[in-house]
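# Coordinate inspection notes
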Amino acid sequence: MVVHSKRCKVCNSSHRAEIERLLTEGWSTRRISKWLEETYGEKISRSSIQTHKKYHWNVSEEIKKRAAQKESEELFEQEVRK
């Protein structure tokens, strides 16, 4: 189960999906924090991102979702090639 917090800056960010995607890709919390500020002018500290990662983000669920998405895309490509 994914937990959401009203006080968590990442949970409330309009860029949450991007932040979680970058975490999935192995980006450090420091790098994500810097990227957010440079790209969107959004200030979320690396420690806030770390807290979100630890308490609010379900990595297993995200991996399953991405695997299903990849499988769906592959099936689509196979159908297009037919």
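## Side note on the pattern of salt bridges
Under the definition given, this model contains four salt bridges. Its salt-bridge partner being Glu20, residue Arg16 comes within 2.9 Å of it at the nearest N-O pair. With Arg16 and Glu20 both in helix H1 (residues 16-24), this residue pair falls four residues apart, about one helical turn. Each member of the pair, Arg16 together with Glu20, is buried.

## A closer look at helix H2 (residues 29-40)
With twelve residues, H2 should cover 16 Å at 1.5 Å per step; its first-to-last C-alpha distance of 16 Å lies within 8% of that length. For H2, the full list of buried residues reads Thr29, Ile32, Ser33, Trp35 and Leu36. Angularly, the buried residues of H2 cover 165° about the axis, an arc narrow enough to put them on a single face. What points out from H2, more than 90 degrees from its buried face, is the exposed set Arg30, Lys34 and Glu38. Of the surrounding secondary structure, the elements contacted by the buried residues of H2 are H1 and helix H3 (46-55). Taken from the residues just after H2, Gly41 is the one with a positive phi, measuring 70°.

## As for the nonpolar core
Counting 13 residues, the largest nonpolar core has Val10, Ile19, Leu23, Ile32, Leu36, Ile44 and Ile49 as its most contacted members. Leu36 has contacts with His15, Ile19, Gly41, Glu42, Ile44 and Ile49, leaving out every residue within four places of it along the chain.

## Here we look at the confidence of the model for the chain
Averaged over the chain, the pLDDT score is 84; the fraction of residues at 70 or greater is 84%. Across the chain, element-level confidence peaks in H2 with a mean pLDDT of 97 and bottoms out in helix H4 (residues 59-81) with 71.

## Digging into the environment of Cys11
Residue placement: Cys11 occurs in the segment before H1. On a C-alpha basis, the gap between Cys11 and His56 in space is 7.8 Å, while along the polypeptide they are 45 residues apart.

## Focus on the packing of aromatic side chains
Taken as a whole and judged by the stated rule, the model has two aromatic pairs. Judged by centre distance (6.1 Å) and plane angle (85°), the rings of Trp27 and Trp35 are edge-to-face. Residue Trp35 is classed as buried on the basis of its relative accessible area of 18%. Between the aromatic rings of Trp35 and Tyr40, the centroid separation amounts to 5.5 Å while the plane-to-plane angle is 90°, which identifies the pairing as edge-to-face. Taking relative accessible area as the criterion, Tyr40 reaches 37% and is therefore assigned partly exposed. By the ring-pair criterion, three or more aromatic residues cluster together here, those being Trp27, Trp35 and Tyr40. The cationic tip of Arg31 hangs over the ring face of Trp27; the distance from NZ or CZ to the ring centre is 3.7 Å.

Scoring rules and cut-offs
- Residues numbered from 1 in each chain as written.
- Predicted model: local features only at pLDDT ≥ 70, side-chain atom pairs only at ≥ 80, totals over all residues.
- Heavy atoms only, no water.
- Salt bridge = Lys/Arg side-chain N within 4 Å of Asp/Glu carboxyl O.
- Helix = DSSP H or I, 4+ residues; strand = E, 2+ residues; numbered from the N terminus.
- Buried < 20%, exposed > 50% of the residue type's maximum accessible area, 1.4 Å probe, protein only.
- Expected span 1.5 Å × (residues − 1).
- Arc of directions from axis to C-beta.
- Contact = heavy atoms within 4.5 Å.
- Core = buried A, V, L, I, M, F, W, Y, C linked by side-chain atoms within 4.5 Å.
- pLDDT = per-residue confidence, 0-100.
- Phe/Tyr/Trp six-rings, centres within 6.5 Å; stacked < 30°, edge-to-face > 60°.
- Lys NZ or Arg CZ within 6 Å of the ring centre and 35° of its normal.

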